[in-house]
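Summary of the model geometry
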Amino acid sequence: MDDPQMALYGIKVMLNNGFKESEDLFNEYKNRSPLMSAGASFVQFLHALMTFEEDQLQEAAAALKQTERQCTHNQDGLLKAFTNRLMQRTVHESAVLLENRLQKQVIIADCQLYQAVLTFVNQELSGYVRGGWILRRAWKIYEKTYIEIKNLHDRRVFASKRGQSGAFEHKQDSLTRTVSAPALMHLDLDEVPSQEVLGRLMGAISFGYGIFQLCISLMPPNVLRLIQYLGFEGDRDLGLRSLVVASKSTDMKAPLASLALLWYHTVVRPFFSLDGGNVEGGVMEALSILHEKKEMYPNSALFLFFHGRVLRLQCKVVKSLVAYNKALTAAKDQREIQLICLYEIGMKFMS
């Protein structure tokens with residue numbers, strides 16, 4: 001089992017109520033690669049975010065910084081770049097080096113995004129300023145890396161459909177309108193990672209990129225204008241499409257993208273009245289995701305919770321209580337998930 005497969009397995013174990021087993025797996029292999037280190041720091045980040053305990057928040061921040069250092073430690077400097085030009089590498093080695101570089105860029109952006117969230121949790125003015133600065137750095141990396149991976153991925157798809165490796169003319173669309181085509185397009189196709197690898201990397205970058213686009217698009221108009229002036233983008237449709245791409249990939253964040261989509265369709269849409277008075281506006285999309293993931297996560301407390309949310313939106317009170325109680329039982333070792341289930345159950349009895 002290679003690192004991407006092991007990382008995805010670790011996240012699946014976590015979502016199937018195996019938080020401790022997932023944490024042990026990632027901690028055992030976190031020094032093996034930046035990807036496994038990213039998995040370990042993410043699990044720690046998620047645990048800290050749910051508990052809000054000061055020591056947990058500090059440990060998560062330290063773990064994220066360590067993962068970021070692990071990615072930047074071996075980044076090419078001027079001397080190494082010059083040495084690489086003198087060395088003759090095989091096309092396979094070039095493709096692997098490019099894959100590793102792009103993977104590290106994604107991990108660095110993710111770590112900075114999570115660090116910004118932890119900074120905002122402190123609810124201090126200085127923390128908001130610092131968090132905003134970290135967010136902007138993360139966004140710039142997401143934006144640049146998204147374009148690089150998307151262009152390479154589109155080039156691979158184009159070549160496989162045409163059966164050729166000739167010149168690829170990149171056409172900018174709404175997805176790439178803000179950033180010019182990168183210099184990577186001059187590479188021979190043999191030096192580019194495989195379509196399978198690029199598909200995974202596309203899923204990896206699409207998760208953070210999509211979360212950014214979606215969350216910013218939900219800001220009030222006055223705030224949104226200010227945020228866009230600072231260099232951020234908020235395209236809701238692009239954010240949702242990116243999360244769908246991430247959810248269908250083989251990257252370790254694919255299950256998390258599915259949960260993000262469920263959160264949008266069952267919590268955000270009715271809360272912000274994005275469909276007017278129709279609270280069932282996102283029900284069909286949510287049911288489709290739950291049906292698709294049912295076999296993979298049959299007893300996951302989080303997926304059972306969102307199933308309860310869907311039933312609640314459909315006004316199926318008794319069935320929603322059954323789903324919430326199943327989630328409550330499944331989350332026996334996860335106090336924070338139990339609390340949100342108990343909150344929903346209590347609200348049903350009060351209404």
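As for the overall build of the protein
- For the protein, the count of helices and strands is 15 helices and zero strands.
- Counting every position in the protein, which comprises 351 residues, the buried fraction comes to 49%.
- Considering only residue pairs separated by 6 or more positions, the protein has 69% of its internal contacts joining residues 24 or more positions apart.
- For the protein, the exposed area adds up to about 18,200 Å²; of that, 57% sits on carbon and sulfur atoms.

A closer look at unusual backbone geometry
- Phi at N17 is positive, roughly 70°, even though this residue is not glycine.
- Phi is positive for F52, close to 60°, though the residue is something other than glycine.

What to know about the packing of aromatic side chains
- Summed over the entire model, instances satisfying the criterion amount to 12 aromatic pairs.
- Where F42 meets F45, the ring centres are 6.2 Å apart and the plane angle is 40°; that geometry is what we call tilted. Here the residue F42 and the residue F45 both occupy positions in helix 3 (residues 34–51), the gap between them amounting to three residues, near one helical turn.
- Owing to a relative accessible area of 8%, F42 belongs among the buried residues under this scheme.
- Looking at F45, the relative accessible area reads 5%, which means it is buried.
- Summarising the aromatic geometry, the rings of F42 and Y114 are spaced 5.5 Å apart at their centres and angled 55° between planes, so their arrangement reads as tilted. Placement of the pair is F42 in helix 3 and Y114 in helix 6 (residues 91–121), with a sequence separation of 72 residues.
- The exposure class of Y114 is buried, given its relative accessible area of 9%.

A look at a positive patch on the surface
- A contiguous patch of positive charge on the surface is contributed by K65, R69, R130 and R137.
- Put simply, the parts of the chain that give the positive patch at least two residues each are helix 4 (54–72) and helix 7 (125–162).
- Checked against the element boundaries, R137 lands in helix 7.

As for the pattern of salt bridges
- Across all of its chains, the model carries 14 salt bridges by this definition.
- In this structure, E99 engages R200 in a salt bridge whose closest nitrogen and oxygen atoms are separated by 3.1 Å. Taken together, the positions of E99 in helix 6 and R200 in helix 8 (residues 195–217) put the pair 101 residues apart, joining distant regions of the chain. For the pair shown, E99 and R200 are each scored as buried.
- The partner of E336 in a salt bridge is R335, and the shortest N-O contact between them spans 3.5 Å.
- Residue E336 is classed as buried on the basis of its relative accessible area of 14%.
- A single network of salt bridges, built from pairs that share partners, joins R101, K144 and E148.

Comments concerning the environment of S217
- Looking at where S217 falls in the secondary structure, it is placed in helix 8.
- Once the C-alpha coordinates of S217 and D237 are considered, the two residues, 20 residues apart in sequence, prove to be 9.2 Å apart.
- Setting aside chain neighbours within four positions, we find S217 in contact with G234, D235 and R236.

Some details on a negative patch on the surface
- On the surface, a cluster of negative charge is contributed by E53, E54, D55, E59 and E124.
- With respect to the helices and strands, the residue E54 is situated in helix 4.

Some points on the packing of helix 7 against helix 8
- With their axes 9 Å apart at the nearest point, helix 7 and helix 8 run at an angle of 145° to one another. Judged by the sense of rotation from one axis to the other, the crossing of helix 7 with helix 8 is left-handed.
- Of the residues that constitute the contact of helix 7 with helix 8, the class distribution is 14 nonpolar, eight polar and three charged.

Reading the values: rules and limits
- Residues numbered from 1 in each chain as written.
- Predicted model: local features only at pLDDT ≥ 70, side-chain atom pairs only at ≥ 80, totals over all residues.
- Heavy atoms only, no water.
- Helix = DSSP H or I, 4+ residues; strand = E, 2+ residues; numbered from the N terminus.
- Buried < 20%, exposed > 50% of the residue type's maximum accessible area, 1.4 Å probe, protein only.
- Contact = heavy atoms within 4.5 Å.
- Areas by Shrake-Rupley, 256 points an atom, 1.4 Å probe, with all protein chains shown as cover.
- Phe/Tyr/Trp six-rings, centres within 6.5 Å; stacked < 30°, edge-to-face > 60°.
- Patch = residues over 30% accessible without salt bridge, like charges linked within 9 Å, V, L, I, M, F, W, Y side chains within 5 Å.
- Salt bridge = Lys/Arg side-chain N within 4 Å of Asp/Glu carboxyl O.
- Lys, Arg positive; Asp, Glu negative; His and termini not counted.
- Charge placed at Lys NZ, Arg CZ, Asp CG, Glu CD.
- Axes fitted to C-alpha atoms, helices over the stretch in contact; angles between N-to-C directions.
- Left-handed = near helix turned anticlockwise from the far one by under 90°.
- Nonpolar A, V, L, I, M, F, W, Y, C, P; charged D, E, K, R; others polar.

All quantities given are derived from atomic positions and should not be read as evidence of function.
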